[in-house]
Amino acid sequence: MEFIKFKDVDKTYKNGVNAVYDMNLSIKKGDFVFIIGASGSGKSTMIKMLYREERPSNGEIILGGINVAKVKNSKVYKLRRKIGIVFQDFKLLPKLTVYENVAFALEIYGLPTHEVRKKVLKALDLVGLKSKTKSYPSQLSGGEQQRVAIARAIVNSPKLLICDEPTGNLDPDTSWEVMQVIKKINDLGTTIVMATHDREMVDRMKKRVIYLEDGRLVKDYEKGTYVNESN
Ligand code: ADP
């Protein structure tokens, strides 16, 4: 079933830069998709348009039946509830514990405390950090911090998990652990869209790979490797 669709999407920033050009793309529910390409090729722009941080200049982006570009500013928060986002730099709140960081994403929706507790512990269990609920981010390794960020991203059970260079600050072994967590989330049914520079990871994962060059989608491999880009 089609879950995400880019139809004739262009993005020109106000300064005249064409960041994405004539993009057509379809992603099925439950897919795991890597977006790769050199720095400046449009990966972040593509991802930002998916969660409506940026709007396309032309074309349509459909996410779960919703035309994302048409979502009003006042309704973006509703869209974002359906999407989990993980960034390279974790973006955890340093003064909150692991538990509080994850709960923060839920409590603003006014859930009862026992419901919050159940969901937070479930998310932390999934990323293997149930024993660290009382720790502060500064007391955790980079990989653990990223796993907390992943728990926070999935605590609302989103249909889509967007990852922008999630292993960019991590060493290869830690990156692999983090990727296994994301793979587990995918195995449980969440669609994953991940921008990355991590060649080794892409090669090992054998998932769909979309390759961007100067804002254009130039290659799309079903079970790709990074090496394919030079073929
Ligand atoms: P990537 O994530 O692949 O590095 P980006 O999507 O960040 O690529 O950038 C694509 C192009 O758009 C680059 O030329 C970049 O300089 C430009 N760009 C990105 N964000 C902005 C912005 N907010 N305003 C103007 N130009 C931008």
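As the structure is a computational prediction, the values presented were derived from the model and not from experiment.

(A) Looking closely at the site of the ligand. The local shell around the ligand consists of Tyr-13, Asn-15, Val-17, Ala-19, Ala-38, Ser-39, Gly-40, Ser-41, Gly-42, Lys-43, Ser-44 and Thr-45. In isolation the ligand exposes 550 Å². Once the protein is present, 65% of that is buried. The element best represented in the shell around the ligand is helix H1 (residues 43-50), accounting for 3 residues. Across the shell around the ligand, the residue classes tally to 4 nonpolar, 7 polar and 1 charged.

(B) Geometry of the sheet that holds strand E9 (residues 208-213). Spatially, E6-E7-E8-E3-E9-E10 is the arrangement adopted by the 6 strands of the open sheet, whose pairing is mixed. On the outer flanks of this sheet lie strand E6 (83-87) and strand E10 (216-221), each paired with one strand and no other. The average angle at which neighbouring strand axes cross in this sheet is 15 degrees, direction not considered. Pairing between strand E3 (residues 32-36) and E9: 4 bridges, direction parallel.

(C) Representation of the layout of surface pockets in the model. Empty space within the second largest pocket amounts to approximately 360 Å³. Contributing to the lining of the second largest pocket are 15 residues, with Lys-122, Leu-126, Ile-154, Ser-157 and Thr-190 lying nearest its centre. The dominant element in the lining of the second largest pocket, judged by the number of residues it contributes, is helix H4 (residues 113-126), at 4 residues. Of the residues assigned to the lining of the second largest pocket, the class counts are 7 nonpolar, 4 polar and 4 charged.

(D) Geometry of the pairing of E9. Across the 6 residues that make up E9, a large majority, 5, are buried. In the sheet, E9 pairs with E10 via 5 bridges, with the strands oriented antiparallel. Paired with Tyr-211 across the two strands is Lys-219, which belongs to E10. The loop that links E9 with its antiparallel partner E10 comprises 2 residues; one of these, Asp-214, has a positive phi angle of about 45 degrees.

(E) Main features of the pattern of salt bridges. According to the stated counting rule, one finds 9 salt bridges in the structure shown. Several salt bridges share partner residues, and in doing so they unite Asp-31, Arg-208 and Asp-220 into one network.

(F) Structural context of the sheet that holds strand E5 (residues 66-67). If you walk across this open sheet you meet the 4 strands as E2-E1-E4-E5, and the pairing is antiparallel. In this open sheet, the two strands that pair with only one neighbour each are strand E2 (18-28) and E5. In this structure, strand E1 (residues 2-12) lies alongside E2, joined through 7 bridges in antiparallel fashion. Following the sheet pairing, Phe-6 is matched in E2 by Leu-25. The strands that H1 touches are E1, E2 and strand E4 (58-63); relative to E1, the one it contacts most, it runs at about 120 degrees.

(G) Spatial organisation of helix H6 (residues 172-187). The end-to-end C-alpha separation of H6 is 22 Å, in line with the 22 Å expected for 16 residues at 1.5 Å each. Turning to H6, its buried residues number three or more, namely Thr-174, Ser-175, Val-178, Met-179, Val-181, Ile-182, Ile-185 and Asn-186. Mapping the buried residues of H6 onto a view down its axis gives an arc of 155 degrees, with all of them on the same face. Exposed positions of H6 whose direction lies more than 90 degrees from the buried face are Pro-172, Asp-173 and Asp-187.

What counts and what doesn't
- Residues numbered from 1 in each chain as written.
- Predicted model: local features only at pLDDT ≥ 70, side-chain atom pairs only at ≥ 80, totals over all residues.
- Heavy atoms only, no water.
- Near = heavy atom within 4 Å.
- Areas by Shrake-Rupley, 256 points an atom, 1.4 Å probe, with all protein chains shown as cover.
- Helix = DSSP H or I, 4+ residues; strand = E, 2+ residues; numbered from the N terminus.
- Nonpolar A, V, L, I, M, F, W, Y, C, P; charged D, E, K, R; others polar.
- Pairing = 2+ DSSP bridges.
- Axes fitted to C-alpha atoms, helices over the stretch in contact; angles between N-to-C directions.
- 1 Å grid on protein atoms, 1.4 Å probe; cavity = no way out; pocket = protein on both sides within 12 Å on 5 of 7 lines; lining within 4 Å.
- Points joined across faces, edges and corners; volume = space filled by probe spheres on them.
- Buried < 20%, exposed > 50% of the residue type's maximum accessible area, 1.4 Å probe, protein only.
- Salt bridge = Lys/Arg side-chain N within 4 Å of Asp/Glu carboxyl O.
- Contact = heavy atoms within 4.5 Å.
- Expected span 1.5 Å × (residues − 1).
- Arc of directions from axis to C-beta.

Geometric descriptors of this kind do not, in isolation, establish any biological role.
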